[in-house]
Amino acid sequence: MPPKLYAHPFSSYCQKALIALYENDTPFEWRLLEGPDSPATRELAALWPMQRFPVLVDAGRTVVEASIIIEHLALHHPGPVRLIPGDPQAALEVRMLDRFFDNYVSTPQQKIVFDRIRPETDHDPYGVAQARTMLDTAYAWLDQTLAGREWAAGDAFSLADCAAAPALFYADWSHPIGDAFPNVTAYLRRLLARPSFARAVDEARPYRPLFPLGALDRD
Ligand SMILES: N[C@@H](CCC(=O)N[C@@H](CS)C(=O)NCC(=O)O)C(=O)O
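Quick caveat, the model's predicted, so the values are computed rather than measured. (Residues numbered from 1 in each chain as written. Predicted model: local features only at pLDDT ≥ 70, side-chain atom pairs only at ≥ 80, totals over all residues.)

Taken together, 4 strands build an open sheet; the order of strands is β2-β1-β3-β4 and the sheet is mixed. Looking at the sheet topology across the chains shown, the edges are occupied by β2 (29-32) and β4 (61-64). Sheet twist, expressed as the average angle between the axes of neighbouring strands with direction ignored, equals 20 degrees. (Pairing = 2+ DSSP bridges. Helix = DSSP H or I, 4+ residues; strand = E, 2+ residues; numbered from the N terminus. Axes fitted to C-alpha atoms, helices over the stretch in contact; angles between N-to-C directions.)

See the structure below:
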């Protein structure tokens, strides 16, 4: 039985897991989360009370958190593209960068987006300003870190790039990277040209009108 992935194509964390699946052509069953009443959404609620996605179910195991799903795939469904390096020190660098993209790019990006869909009386301009400052700081750090690197952790595409691709893609929509960070911009272009991420972006294209800050027609 192939693993089941509970996911939505427009979700950044789902794209992170999808990139890993697509990199190694790993067979899986989509459990598409189509609104609150779909069978897959009800199954997800029973599997994981947090109801955050993606969630992978494989051989009786429920695996949550996109990073851990990718670690699980590396362990149980390895393929030619090794997203977690075999060398423990190199793996640590990859995991550190993975945390960077989740905590300092995705989290502030989501803060900006979720603030937009709050009721008018519950907006948090101070929190949104902090999120924008964090993104500026993250872009600046990343710009220096990427100097001379093709991928986040060096020459090999890894878990860190699975995290980076959707995080930077949506962050650029919410808080444009602009011209000040040429290494980040060039890296995002390389990510967009990677077939695994290009496929995830294409599958999400029909959902762009759902983007709360206004749909951007820009990859
Ligand atoms: N820490 C989780 C975050 C997952 C997450 O925030 N997923 C979003 C979709 S991108 C979600 O479940 N949103 C639904 C909600 O917030 O209710 C991970 O790494 O997988």
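There is more to say after this.
Moving on, we get to the pairing of β4. In terms of strand pairing, strand β3 (residues 55-58) meets β4 through 4 bridges, oriented antiparallel. Bridge assignment links L56 to a residue of β4, and that residue is V63. Linking β3 to β4, which pair antiparallel, is a turn of 2 residues; within it A59 sits at a positive phi near 50 degrees.

So, on to the environment of F101. Mapped onto the fold, F101 is located in helix α4 (residues 88-116). Using a count of 27 C-beta atoms within 10 Å as the deciding quantity, one classes F101 as buried. Put simply, F101 and W48 are 53 residues apart on the chain and 24 Å apart in space, counted from C-alpha to C-alpha. When residues no more than four places from it in sequence are discounted, the contact partners of F101 are S106, A160, A163, A164 and A167. (Buried ≥ 20, exposed ≤ 12 C-beta atoms within 10 Å, placed from the backbone. Contact = placed C-beta atoms within 7 Å.)

Now for the packing of helix α7 (residues 182-193) against helix α8 (residues 195-204). The N-to-C vectors of α7 and α8 enclose an angle of 80 degrees; their axes lie 5 Å apart at closest approach. It follows that α7 is roughly perpendicular to α8 by the angle criterion. Contact residues: L191, L192 and A193 in α7; F197, A198 and V201 in α8. (Parallel < 35°, antiparallel > 145°, perpendicular 65-115°, else oblique.)

Taken domain by domain, the protein comprises domain 1 (4-76) and domain 2 (88-198). Distance from the C-alpha centre of domain 1 to the C-alpha centre of domain 2: 21 Å. At the junction of the two partners, domain 1 supplies 9 residues and domain 2 supplies 11 residues. Mapped by element, the contributors of at least two residues to the side of domain 1 that touches domain 2 are α1 (12-23) and α3 (66-76). Here the side of domain 1 that touches domain 2 gets 7 residues from one element, more than from any other, and that element is α1. Residue composition of the side of domain 1 that touches domain 2, grouped by class: 4 nonpolar, 3 polar and 2 charged. (Domains from an automatic or database assignment. Nonpolar A, V, L, I, M, F, W, Y, C, P; charged D, E, K, R; others polar.)

Take the environment of T145 next. Tracing the chain through its elements places T145 in helix α5 (residues 125-145). The spatial distance from the C-alpha of T145 to the C-alpha of L188 is 14 Å, given a sequence separation of 43 residues.

Let us look at the site of the ligand. Taken together, the residues surrounding the ligand are S11, S12, Y13, R52, F53, E65, A66 and D102. Tallied by class, the residues present in the shell around the ligand amount to 3 nonpolar, 2 polar and 3 charged. (Near = placed C-beta within 6 Å.)

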